[in-house]
Amino acid sequence: MPELPDVENFKKYFKKTSLHKKVENIESNQKSLIRKITFNDFKKKIIGHKFEDAWRRGKFLIIEIGGISEKLIFHFGMTGYLSYFKQGKESHFAKVVFNFNNGYKLEWINKRKLGKIYLVEDIREISLLKNMGVEPLEISEKEFLELLENNKSRGIKSFFMDQTEIAGIGNIFSDEIFFRAKISPKSKIQDLSNSKKKALYDKMKKVLKEAIKIGPPEGSFDPSRWLIPHRQKDMKCPNGHDLKKETIAGRSSYYCPICQK
DNA sequence: ACGGATGTTATTAA
DNA sequence: ATTAATAACATCCG
């Protein structure tokens, strides 16, 4: 799940559940997913402190800890999420578990082990964070059009998924944005008209904002407007045309050849 | 049972 | 110098 809207909702979930409680213990059955520090030092640094705030950058969740300068950073890979509970909901795929002094625990769950956890003084110690591109919900139209101009020889899909250009958009949401903007994922940026470029900007913001509000997996995407629910299900676009599946920029891309020119 | 999967990175090719 | 294509990571799901 974790693209920008998902991580944004993980952030809200984390802030709602896990702030201002003392961490009493940390357990892990996959210590190799904790980077930049040994598991022993990781525990030593965090135990006895409280999480005080959290924010998102791209697909990363960055957590401020009271009393120490290091930040805790979650990256979720393709299959990660968080789960907070007292007992009985333990996940088979929990890799790191934070136990709080109120008897609750926060599980960092990662099915395929492509996610990572870091504890660093400066987020720039993580090269992808250091090189992270603009936040799509913060960029102005003017800046966005300039960014396209600087990348005009690239394919639109590879550009949208490139974290060093735009932060937080991945395979699923880039497809969704292209569908809304009626643009083929195979387009080269230089072949897009000005109005298409503006549509891309507009739909990028709309899709991401709406997706955050819907907040999967609890909320679901209305199949009469969204491409997402059609991906595996019926392979029809929301207007009833046959969807096409093709590898573009290395990923399975779904698009409607009729709606998206 | 086998192909595919929401991510990132290193390597190789064009 | 750019950009794209491919494989690798590790493992679960349908």
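Here is what the cut-offs are and how they apply
- Residues numbered from 1 in each chain as written.
- Chains lettered and ligands numbered in written order.
- Predicted model: local features only at pLDDT ≥ 70, side-chain atom pairs only at ≥ 80, totals over all residues.
- Heavy atoms only, no water.
- Helix = DSSP H or I, 4+ residues; strand = E, 2+ residues; numbered from the N terminus.
- Rg over C-alpha atoms; globule rule 2.2 N^0.38 Å.
- Buried < 20%, exposed > 50% of the residue type's maximum accessible area, 1.4 Å probe, protein only.
- Contact = heavy atoms within 4.5 Å.
- Areas by Shrake-Rupley, 256 points an atom, 1.4 Å probe, with all protein chains shown as cover.
- Lys, Arg positive; Asp, Glu negative; His and termini not counted.
- Charge placed at Lys NZ, Arg CZ, Asp CG, Glu CD.
- Salt bridge = Lys/Arg side-chain N within 4 Å of Asp/Glu carboxyl O.

## Regarding the overall build of chain A
- Helices and strands together make up the secondary structure of chain A, namely seven helices and eleven strands.
- Its C-alpha atoms give chain A a radius of gyration of 20 Å, within 12% of the compact-globule value 18 Å for 261 residues.
- Its C-alpha atoms put chain A at 55 × 40 × 25 Å along the principal axes.
- The proportion of buried residues among the 261 residues of chain A is 53%.
- Relative to all contacts within chain A whose residues are 6 or more apart in sequence, the contacts with residues 24 or more apart total 62%.
- Counting every atom, chain A has about 12300 Å² of accessible surface; 48% of that belongs to carbon and sulfur.
- Chain A carries 51 positive and 33 negative side-chain charges, and their two centres are separated by 3 Å.

## Some thoughts on the pattern of salt bridges
- All chains considered together, the criterion is met by 21 salt bridges.
- For the salt bridge of Glu 135 with Arg 57, the shortest nitrogen-to-oxygen distance reads 3.1 Å. Residue Glu 135 is located in the loop between α3 (127-130) and α4 (141-150), and its partner Arg 57 is located in strand β3 (residues 51-57); the two are separated by 78 residues in the primary sequence.
- Owing to a relative accessible area of 8%, Glu 135 belongs among the buried residues under this scheme.
- A salt bridge links Arg 231 to Asp 175; its shortest N-O distance comes to 2.5 Å. Highlighted residues: Arg 231 in the loop between α7 (194-214) and β10 (244-248) and Asp 175 in helix α6 (residues 171-180), separated in sequence by 56 residues.

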